[in-house]
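# Architecture at a glance
Listed here are the chains, written in short residue letters.
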Amino acid sequence: MKRPSLPVALLFGYMALFLLFIMLPIAVVVVVSFSSSSYIVFPMPGLSWRWYRHIVEYRPFMTSLATSIELALASATLGALLSVPAALALARSRHKLAGLLANLLLAPISVPAIVLGFALLYFLSALSLGLSFTSLLIAHTVAAIPYVVRTVLATYRAVPSDLEESASILGASRGQILLHVTLPLVRPGVFAGAMFAVLTSLDNLPLSYFFGSATTNTLPVVMLSYMENQFDPSIAAISTVQMLIALATLLLLDRVYGIERLTAV
Amino acid sequence: MRRVRPYRLARPSWCVPVIAYLLVFFVIPLIANLLRSRPVDAAIGGGPFFYYVKLLTDPYYAGVLLETTKVALITTFVCLLVGYPVAYFMVRFAGRWNALIVFCVVAPLLTSIIMRTFGWRVLLARRGVLNAWLLDWGLITRPFELADQPIAVYIGLVHVLVPFMVLSINAVLQGIDVQLEDSARVLGAGRLRTFWHVTLPLSVDGIATGCILVFVLTNGSFLTMLLLGGGRITTLSLLIYQQFSTTQDVGFAAAMGNVLMLVALLGFLLQFRLLRRRGVKP
Amino acid sequence: MSVRPHGGGNNTTAGAPVELADVSKSFGGVQVLKPLRLALVPGEMLALLGPSGCGKTTTLRLIAGFEAPDTGSIRVAGRDVTGLPPNKRGLGMVFQNYSLFPHMTVGENVAFGLRMRRTGRAEKARRVREMLATVRLDGYEDRLIHQLSGGQQQRIALARALATSPSVLLLDEPLGALDKNLRERMQFELRDIQRRLGITSILVTHDQEEALTMSDRVAVMAHGEVLQVGRPTEVYDRPLTRFVSEFLGTANIFAAVVTGANGPNRWSVALDAQPHAAGTVESPAALAPGQRVTLAVRPERLSLGPPTDGTVRATVRDVVFRGTYFAYELTASGQPQPVFAYTQLRQPVAADAAVGLSWEPGGAVILQDTA
Ligand SMILES: Nc1ncnc2c1ncn2[C@@H]1O[C@H](COP(=O)(O)OP(=O)(O)O)[C@@H](O)[C@H]1O
Ligand SMILES: [Mg+2]
């Protein structure tokens, strides 16, 4: 292999810097979470598990983590239940309205979450749903829909319609085709979309912020209010836990369905 | 031969539940928000656009609008400068390392924004990692404050948003024929000239998509400003957040939200037109 | 070797296995099928042959129920199925790209139709084994689809279509995706299976050789119309129109005039291009002297000889060895198109040599359309 030219060498050096830039803040948080000190100082005086013990004992973190996970799973499920039939209908439709409808279903991605949260708060309060898990679920489902619609549209468009026709002439009714052919074939898309929805929901502070109450706070909201008062490594510890949960979700999905099947059919 | 009419399993009615859901919990609330931005108290005077006039004419709020635009523009530009070479590298040089780089670009999306912002505070603070290293190596004699500065906000924003720029540009670069570059180089153009005259113009679509995305996302961010800005940078989103948590001036917050919406809507339309030009279905 | 009666009970019902009555179809204002009549004979393999875009697939999709006809009715085994969905028609179909379910094993694919009918486990397993044996892929139950070659996938698609004992098997260019050698082998195999099971089949193809070798009857289509239906030798040797004669192989077309009777059902003709050149044609219909006719003569029916009186005078332009025969390209004076003649043995003629062409009385056909 010939010696790389100067611009190429510079580009390789730049990539190393870029990866450092991306990874450093995340790595630093993981390291800080094992600090034995009450303050964030460098170099760290020693290593300990004390902040992990602290977050387990600090009730608001644990209850809000449970709320967050529950909310993420529930909103992704509800979002999928609503989105999958619509995506199946829109993917093969040639109606004039189909494009417009697809855009409506994708639109919530483009609306700033803080605006949506604010608008929904007053709307839901008028329906006397106000600060409740139901309100959170409604809001996060709106945000989940575009992710599922997008991946299912893409997956289903790649499925040749001959497969469903084959099933039909082999004697399958519409319900049987849906159950035995269509859904199994778009399943990777459904799961990929639902996983995007779960990950964004876990981190969607602007949307959750407005519905906060003692019983319905999500983890990011609790973390933010904690940070306004204290600046200690427990935030690092709970962040690391949240990251591990997200990573575990991804790995689980990989084990069960295979990451490569998420992109290929 | 490709048949024009594919088999249709799903009936159009299958769209009804999700459309009803979004009409009730997405479209109507946003329309209600439009109405909410009118002053309730007729005594204030100034007509239905009172808050919008205030936003544009009051020096403080006009300043916030200006600052919002400035932050979004600078962030977008820096993300483009930082992200383009990465996307280019991934397509042309990464080879078997591509998977690793994709992972590194996507991995931050698995972590919360609070975590990443917190990480930057730890790095940039007076007693933080960066100062500790610089002191160790004798490059500085006194630690200095980097957090709670505008620069910290920009670093944080770029860190959070650059993956979107990289992925947008990368998607378009993947579609550009390497042979075009090669033939330009065979014709005697140097690598840099080839890049400038062939690759860059062809990747304009990806650049536009990435820029619109980052611009709109920056406008919607407030956590980074809140946690890294130390009150030095106030943007519209941050103001909505503060209005809500402190003064509770609902009508005004709604008006500011609608201005943000307008920007997002414009971005969305622009992006839609770009995709249409490329012949991509949504 | 067991001869299985084709299932579906069409033996007991009156009527053809498949019958189209005045079926027509338009897409977006363009008529793709003109009102079409077609009836199948039990146990036969009928080839729908025609150039790409002539409406073969549309015909098949109408029979299958994927499209609804604009006019007319479709009967399967004597039952009117015009309004029935595909799953209620009791048909089997093999698609050009096989359309095997990628998320199922070979066994699950073959068992699919039985599973939809809630067939019992044991019976299902037995039937799958039997079908795999029929297509000579015993023991492939647990393979995955993407582990199979194109030819194997083709056979699994056939096994899947046959597993439910359909009354009629529809094949849409079933061998189109295979390479030439494999395609020829599969032609025989498919034909053999079809004969053994005695299942009425419709084979859609644009390959005239495939249609002629595989089918009991050929229906030649063009522009949404069936031009001629008949046994392969019949449509090949006795084409009704110039299109049919040329689509099924090479044909030399001559304009001629009838000069007189020449025996029972035989007439003498003189070619327009060379009035001195005489030939004999057979025609069941009576011809009148002086009547203008168009003749088609297959190249293998033309013989080359010395340019004697009464032969068609021609000059050899080129000769090509085609493996099993020699193809001569000639020009006949007065005839704008080149003339082709095929012979088993190489003739002792040089390039640019003048030769005389002639044919046996049965070698020329009178076409119904004008030249
Ligand atoms: N769903 C459809 N919509 C519009 N035109 C169609 C459709 N299906 C087939 N056609 C048209 O009908 C004609 C016949 O098509 P087809 O039956 O597929 O021909 P073949 O199978 O003989 O090649 C073609 O011109 C094709 O473009
Ligand atoms: Mg066809």
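Fair warning: this is a prediction, and the values are worked out from it, not measured in the lab.

This next bit is on the overall build of chain A. Looking only at helices and strands, chain A features 12 helices and 0 strands. Overall, chain A shows an N-to-C arrangement of helices and strands of α-α-α-α-α-α-α-α-α-α-α-α. Based on the C-alpha atoms only, the size of chain A along its principal axes is roughly 70 × 70 × 30 Å. Classification of the 265 residues of chain A by burial places 58% in the buried group. Considering only contacts in chain A between residues 6 or more positions apart, those separated by 24 or more positions represent 73%. Within chain A, one finds 14 positive and 10 negative side-chain charges whose respective centroids are separated by 8 Å.

All names here are of chain C. Strand order across the open sheet formed by 5 strands is E13-E12-E11-E14-E20, with antiparallel pairing between neighbours. For this open sheet the edge positions go to strand E13 (278-282) and strand E20 (364-367), each flanked by a neighbour on one side alone. The average undirected angle you get between the axes of adjacent strands in this sheet is 50°. Sheet topology note: the strand E12 (residues 266-271)/E13 ladder contains 5 bridges and is antiparallel. Within E13, the residue paired with serine 268 across the bridge is threonine 280.

Attention shifts here to the pattern of salt bridges. Residues and elements named next belong to chain C. Under the counting rule described, the total for this entry stands at 24 salt bridges over all chains. The closest approach of N and O atoms between arginine 127 and glutamate 130, which form a salt bridge, is 3.1 Å. Taken together, the residues span about one helical turn, with arginine 127 and glutamate 130 both in helix H3 (residues 121-134) at a distance of 3 residues. Taking relative accessible area as the criterion, arginine 127 reaches 6% and is therefore assigned buried. One connected set of salt bridges, linked through shared partners, spans Glu123, Arg126, Arg127 and Glu130.

Another aspect to go through is the packing of aromatic side chains. A complete count under the given rule lists 31 aromatic pairs over all chains for this structure. Here the aromatic rings of Phe222(B) and Tyr241(B) are separated by 4.9 Å at their centres, their planes lie at 25°, and the arrangement is stacked. One end of the pair, Phe222(B), is in the loop between helix H10 (204-220) and helix H11 (223-228); the other, Tyr241(B), is in helix H12 (residues 236-245), with 19 residues separating them in the sequence. Taking relative accessible area as the criterion, Phe222(B) reaches 2% and is therefore assigned buried. Ring centres of Phe321(C) and Phe326(C) lie 4.9 Å apart, and the angle between their planes is 40°; on these two criteria the pair is classed as tilted. A relative accessible area of 53% means that Phe321(C) is categorised as exposed. Put simply, the rings of Phe118(A), Tyr122(A), Tyr209(A), Phe210(A), Phe222(B) and Tyr241(B) pair up and form one aromatic cluster. One residue, Lys54(B), lies across the ring of Phe252(B), its end atom 4.4 Å from the ring centre.

The subject of this paragraph is the interface of chain A and chain C. With 16 residues of chain A at the contact, the number on the chain C side is 24 residues. For the pair chain A and chain C, the two sides together bury roughly 1800 Å², of which 63% comes from carbon and sulfur. For the interface between chain A and chain C, the tally reads 1 salt bridge. Ionic pairing is found between Arg61(C) and Glu165(A), a salt bridge with its closest N-O pair at 2.9 Å. For the interface between chain A and chain C, the tally reads 9 residue pairs in polar contact (both at pLDDT 80 or more).

Residues and elements named next belong to chain B. This model, assessed by the stated rule, comprises 0 disulfides over all chains. Cysteine 211 supplies the cysteine sulfur nearest to cysteine 79, a cysteine that is in no disulfide, at a spacing of 8.7 Å. Taking relative accessible area as the criterion, cysteine 211 reaches 18% and is therefore assigned buried.

All right, on to the domain arrangement of chain C then. Residues and elements named next belong to chain C. Assigned domains within chain C: domain 1 (18-241) and domain 2 (250-366). Placing the centre of domain 1 and that of domain 2 at their C-alpha centroids yields a distance of 40 Å. At the interface, 4 residues of domain 1 touch 7 residues of domain 2. Buried surface at the junction of domain 1 and domain 2, summed over both partners, amounts to about 530 Å²; 35% is from carbon and sulfur atoms. It is Tyr236, Arg238 and Pro239 in domain 1 that bury the most area against domain 2; as a group they hold 80% of the surface buried on that side. Remark: the boundary between domain 1 and domain 2 carries 2 salt bridges. Of the charged contacts in the structure, one is a salt bridge between arginine 238 and glutamate 282, with a shortest N-O distance of 4.0 Å. Connecting domain 1 to domain 2 are 2 residue pairs in polar contact (both at pLDDT 80 or more). Its residues assigned to classes, the side of domain 1 that touches domain 2 comprises 2 nonpolar, no polar and 2 charged.

Cut-offs and rules
- Residues numbered from 1 in each chain as written.
- Chains lettered and ligands numbered in written order.
- Predicted model: local features only at pLDDT ≥ 70, side-chain atom pairs only at ≥ 80, totals over all residues.
- Heavy atoms only, no water.
- Helix = DSSP H or I, 4+ residues; strand = E, 2+ residues; numbered from the N terminus.
- Buried < 20%, exposed > 50% of the residue type's maximum accessible area, 1.4 Å probe, protein only.
- Contact = heavy atoms within 4.5 Å.
- Lys, Arg positive; Asp, Glu negative; His and termini not counted.
- Charge placed at Lys NZ, Arg CZ, Asp CG, Glu CD.
- Pairing = 2+ DSSP bridges.
- Axes fitted to C-alpha atoms, helices over the stretch in contact; angles between N-to-C directions.
- Salt bridge = Lys/Arg side-chain N within 4 Å of Asp/Glu carboxyl O.
- Phe/Tyr/Trp six-rings, centres within 6.5 Å; stacked < 30°, edge-to-face > 60°.
- Lys NZ or Arg CZ within 6 Å of the ring centre and 35° of its normal.
- Buried area = accessible area lost by both parts, 1.4 Å probe.
- Polar contact = N/O pair within 3.5 Å; in protein donor to acceptor, adjacent residues only side chain to side chain.
- Disulfide = S-S within 2.5 Å.
- Domains from an automatic or database assignment.
- Nonpolar A, V, L, I, M, F, W, Y, C, P; charged D, E, K, R; others polar.

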